[in-house]
Amino acid sequence: QVQLVESGGGLVQAGGSLRLSCVASGRTVSSNAMGWFRQAPGKEREFAAAIGWGGYTAYADSVKGRFTISRDNGKNTVYLQMNSLKPDDTAVYYCAAQMALYGGATSRVHEYDRWGRGTQVTVSS
C-alpha cells in the first residue's frame, strides 16, 4: 500500500516561492505517474501539475510558467516548485499517485488512486 506525505506548505507573500515535497512509502513509485492537485475553500479540487513515469510533465494553464514538477526516484519523492505565487494560489495542495504502471501525466482526478492528506499554502497580498 503506497502512502503519500506532503510537506513544504506555509505562508508566503505574493511574488514569493515555495517548494512542496511528496514522499511516497510502501513501495517505489518510480514507474508511476504522480500529480499535484489543489483545493481552495468552497471550490472543487483542481489539477495543478503532473509528471509521467518517463518524466513528461503537464501543467494547468493557471500555473504554467510559474510551477515546476519534478521527481527524484532515488528518494521516492516528487516536488512542486512554485514561483511568483499569487493570492489565487492559496489552497490545500495534495499529492496523488496512479497505481497503474507507466501512466502518463494526466489531469484527470479519477485516474489517481492514492492521495496524501495535503499541505496548506497561503499567499498574502
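Our subject is the structure listed above.
Calculation notes
Residues numbered from 1 in each chain as written. Predicted model: local features only at pLDDT ≥ 70, side-chain atom pairs only at ≥ 80, totals over all residues. Heavy atoms only, no water. Helix = DSSP H or I, 4+ residues; strand = E, 2+ residues; numbered from the N terminus. Rg over C-alpha atoms; globule rule 2.2 N^0.38 Å. Buried < 20%, exposed > 50% of the residue type's maximum accessible area, 1.4 Å probe, protein only. Contact = heavy atoms within 4.5 Å. Areas by Shrake-Rupley, 256 points an atom, 1.4 Å probe, with all protein chains shown as cover. Lys, Arg positive; Asp, Glu negative; His and termini not counted. Charge placed at Lys NZ, Arg CZ, Asp CG, Glu CD. Polar contact = N/O pair within 3.5 Å; in protein donor to acceptor, adjacent residues only side chain to side chain. Disulfide = S-S within 2.5 Å. Core = buried A, V, L, I, M, F, W, Y, C linked by side-chain atoms within 4.5 Å. Salt bridge = Lys/Arg side-chain N within 4 Å of Asp/Glu carboxyl O.

1. Digging into the overall build of the protein chain
Link 1 in the chain: Counting secondary structure elements, the protein chain contains 0 helices and 11 strands.
Link 2 in the chain: Each helix and strand of the protein chain, ordered N terminal to C terminal, gives the series β-β-β-β-β-β-β-β-β-β-β.
Link 3 in the chain: Taking 2.2 N^0.38 as the reference for a compact globule, 125 residues should give roughly 14 Å; the C-alpha atoms of the protein chain span a radius of gyration of 13 Å, in line with that estimate.
Link 4 in the chain: Overall size of the protein chain, expressed as C-alpha extent along the three principal axes, is 40 × 25 × 25 Å.
Link 5 in the chain: Expressed as a percentage of its 125 residues, the buried residues of the protein chain come to 46%.
Link 6 in the chain: Across the protein chain, contacts joining residues at least 24 apart in sequence account for 60% of those joining residues at least 6 apart.
Link 7 in the chain: Of the roughly 6,300 Å² of accessible surface on the protein chain, 47% is carried by carbon and sulfur atoms.
Link 8 in the chain: Separation between the mean location of the 13 positive side-chain charges and that of the 9 negative ones in the protein chain comes to 4 Å.

2. Observations regarding the side chain of Arg 38
Link 1 in the chain: On the secondary structure map, Arg 38 appears in strand S4 (residues 32-39).
Link 2 in the chain: Relative accessible area serves as the criterion here: at 5%, Arg 38 is assigned to the buried category.
Link 3 in the chain: In terms of polar contacts, Arg 38 uses its side chain to reach the side chain of Tyr 93, at 3.0 Å.

3. Details of the state of the cysteines
Link 1 in the chain: One pass over the structure, following the stated rule, counts 1 disulfide.
Link 2 in the chain: Between the sulfur of Cys 22 and that of Cys 95 lies a disulfide, 2.0 Å long from S to S. Across the S-S bond of Cys 22 and Cys 95 the torsion is about -75°, and the bridge reads as left-handed. Pair noted here: Cys 22 is in strand S3 (residues 18-25) and Cys 95 is in strand S9 (residues 91-101), with a separation of 73 residues, a long-range link. For the pair shown, Cys 22 and Cys 95 are each scored as buried.

4. A closer look at the nonpolar core
Link 1 in the chain: Among the nonpolar cores identified, the biggest contains 37 residues, and Leu 4, Met 34, Trp 36, Ile 69, Leu 80, Met 82 and Tyr 93 are the most heavily contacted of them.
Link 2 in the chain: Listed by contribution, the elements that provide at least two residues to this core are S3, S4, strand S5 (46-51), strand S6 (57-59), strand S7 (67-72), strand S8 (77-82), S9 and strand S11 (119-124).

5. Concerning the pattern of salt bridges
Link 1 in the chain: Enumeration according to the criterion identifies 5 salt bridges in this entry.
Link 2 in the chain: Here Glu 46 and Arg 38 are joined by a salt bridge, their closest N and O atoms 2.7 Å apart.
Link 3 in the chain: A salt bridge links Glu 111 to Arg 108; its shortest N-O distance comes to 2.6 Å.
Link 4 in the chain: Glu 111 sits in the partly exposed class, given a relative accessible area of 27%.
Link 5 in the chain: Accessibility expressed as a relative area gives 45% for Arg 108, which makes it partly exposed.
Link 6 in the chain: Connected through salt bridges with shared partners, the residues Arg 38, Glu 46, Arg 66 and Asp 89 form a single ionic network.

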